[in-house]
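# Summary of structural features
Chain by chain, the residues:
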Amino acid sequence: LSVHPVAAPEMGSILKLRAENIFQSNDLACLFQLDGDVDYLSTPASLTSMLGEVECATPSSRSGMSKLWLTIGGHHSGKSSESIMFEFLDHVSVTSMNPSSGPM
């Protein structure tokens, strides 16, 4: 199991995962568990190629390191045996731009 990117802001960033022996299911999901949390966060996932490429979006979460699994049913009981680490980043905001104007 691998993921790209390995870090992204919370809520809505698209992750591309590669997995072996995965098949399309209406219940395919990405399952996240932040360090120190007992609860899981789940988002729907879809198989985008027969080569095991899967996409899902990041859920709303606080920043920090998280374990990430693929799962059938969105529950921890159906999760893949292998997890990978993913980092939720703080939101990025632009505070200034230089130069502030230029040719159009």
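In the block above lies the structure referred to throughout.
Overview of the structure. (Residues numbered from 1 in each chain as written. Predicted model: local features only at pLDDT ≥ 70, side-chain atom pairs only at ≥ 80, totals over all residues. Heavy atoms only, no water.)

## Description of the state of the cysteines
- The full count for this structure, using the stated rule, is one disulfide.
- Residue pairing for Cys 30: its cysteine sulfur links by disulfide to Cys 56, the two sulfurs lying 2.1 Å apart. The sign of the S-S torsion, about -95°, decides the handedness of the disulfide formed by Cys 30 and Cys 56: left-handed. You can see Cys 30 sitting in strand E4 (residues 28-34) and its partner Cys 56 sitting in strand E6 (residues 53-57), a full 26 residues away along the chain. The pair Cys 30 / Cys 56 is uniform in exposure class, with both members buried. (Disulfide = S-S within 2.5 Å. Helix = DSSP H or I, 4+ residues; strand = E, 2+ residues; numbered from the N terminus. Buried < 20%, exposed > 50% of the residue type's maximum accessible area, 1.4 Å probe, protein only.)

## Overview of the pattern of salt bridges
- Scanning the entire structure with this criterion turns up three salt bridges.
- In this structure, Lys 16 engages Glu 55 in a salt bridge whose closest nitrogen and oxygen atoms are separated by 2.5 Å. Placement of the pair is Lys 16 in strand E3 (residues 14-18) and Glu 55 in strand E6, with a sequence separation of 39 residues.
- When its relative accessible area of 46% is taken as the criterion, Lys 16 is described as partly exposed. (Salt bridge = Lys/Arg side-chain N within 4 Å of Asp/Glu carboxyl O.)

## Thoughts on unusual backbone geometry
- Here the amide bond leading from His 4 into Pro 5 is cis, since omega sits at -5°, within 30 degrees of zero.
- One can find Pro 5 in the loop between strand E1 (2-4) and strand E2 (7-9).
- With an omega of 0°, the peptide bond between Asn 98 and Pro 99 qualifies as cis.
- With respect to the secondary-structure elements, Pro 99 resides in the segment after strand E8 (84-89).
- The backbone phi angle of Asn 21 is positive, close to 55°, even though this residue is not glycine.

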